[in-house]
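Structure assessment
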Amino acid sequence: MNKILIILLLFFGFGLKAQPVLKGGLAAFINENIIYPAYSYQNCVQGTIRISFKLNRLGEVYSSNVSSGPGIDLDQEALRLIRMSSGHWKVPADYDTTYVLVAPVDFRLSSEDCNRATQQDMNKAIAVYKANQGLTDAITNFYRNKAQGKYNESEEQKVTALKAELGYDDDYLNKKIEEGKKKLKQKDRQGACEDFLFVKYMGSSLADELLAKYCR
C-alpha cells in the first residue's frame, strides 16, 4: 500500500520578526487533509509544489497561486490545501500583510512500484497529462454546451469514443465522486463541487444527487 509522506517548509521574506503560525502546525494540517490526486497517485508522480500566498490580519489567505509545479493535479491539491488553511492562522499584531509567504509542499509516495519509478517515467506521465488536458477540456465543453441545448448531436459519438480512450469510465468517475465526498468531510465544499461538476460534464448523472444537495 502506498504511504503518503508530506514534508512542508515555510520560508518568509522577512528577518527575525514574529511569524504567522497555523494553529496545530502547518505540516500536521497538510498531513490531515491531503487527498493525493488520482492521476499522480496512479502514475507515481512526485515532486515539490511551491505555493505563494498572503495573509490578512485575521489570518485569512487572501491571495494564493502556484509559483512552481509540474502543471498537473498535484499543483491544484497543494493550492487547495493552502486555501483551506485560511482563517486558521495566528498573525502577529505588527505583521505586514504585504509579505508573500511561500510554502513548498513536497509530495512523496512510498511503495514498491513507485520506488522503481524513474524521473523519466514521471516526466512521461506529466507529458501525457498535459497532452490529455486539452482533450479533457473538449469533452467537458461539449457536455456544458449540451446542458444548455447548444451542441452538435453528430459530435457526441466522437466525444464518447474520446472519453473511452482517455479512461473516463464509471470507475474513474466514481473515484472522483469519492474524492469529492472526502472534501465535503473537510468542509471544502468548493473543491467537492468542482469534482462533482467534473463528473456531470463528463456526460454522467452519477453525481447529480450530490450536486443537487450540496452545490446549489
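Cut-offs used in this document
- Numbers given for residues are sequential positions, taken from 1 along each chain in its written order.
- Totals for whole chains, interfaces and linings use every residue, but because this is a predicted model, local features are given only for residues with pLDDT of at least 70 and side-chain atom pairs only at 80 or more, for both listing and counting.
- Side-chain measures here rest on the full set of heavy atoms in the structure, leaving out hydrogens and waters.
- Strand pairing is assigned whenever DSSP identifies at least 2 bridges connecting the two strands.
- Working definition: helices are DSSP H or I runs of at least four residues, strands are E runs of at least two. Numbering for both runs from the N terminus.
- The pairing test for Phe, Tyr and Trp rings, Trp by its six-membered ring, is centres within 6.5 Å, and the orientation test on the planes gives stacked under 30 degrees, edge-to-face over 60, and tilted for anything in between.
- Partly exposed residues are those whose accessible area sits between 20% and 50% of the maximum for their type, while under 20% is buried and over 50% is exposed, using a 1.4 Å probe and protein chains only.
- Any Lys NZ or Arg CZ found within 6 Å of a ring centre and within 35 degrees of that ring's normal is scored as a charge over the ring.

One ladder, built from 6 bridges, connects strand 3 (residues 47–55) with strand 4 (residues 61–68); its direction is antiparallel. The residue bridging S52 from the neighbouring strand is N65, located in strand 4. Where strand 3 hands over to strand 4, the hairpin turn is made up of 5 residues, of which G59 adopts a positive phi near 80 degrees.

Once that is clear, we can look at the packing of aromatic side chains. Scanning the entire structure with this criterion turns up 10 aromatic pairs. Between Y36 and F107, the ring centres sit 5.6 Å apart and the planes meet at 90 degrees, which makes this aromatic pair edge-to-face. Taken together, the residues span a long stretch of sequence, with Y36 in the loop between helix 1 (26–33) and helix 2 (38–42) and F107 in strand 6 (residues 101–110) at a distance of 71 residues. For the pair Y36 and F107, one class covers both residues: buried. Where Y168 meets F198, the ring centres are 5.8 Å apart and the plane angle is 75 degrees; that geometry is what we call edge-to-face. Here Y168 is found in the loop between helix 6 (156–166) and helix 7 (170–185), whereas its partner F198 is found in helix 8 (residues 189–200), with 30 residues between them in sequence. We classify F198 as buried; its relative accessible area is 19%. Every member of this aromatic cluster is reached through a ring pair, and the members are Y36, Y41 and F107. One residue, K176, lies across the ring of F198, its end atom 5.2 Å from the ring centre.

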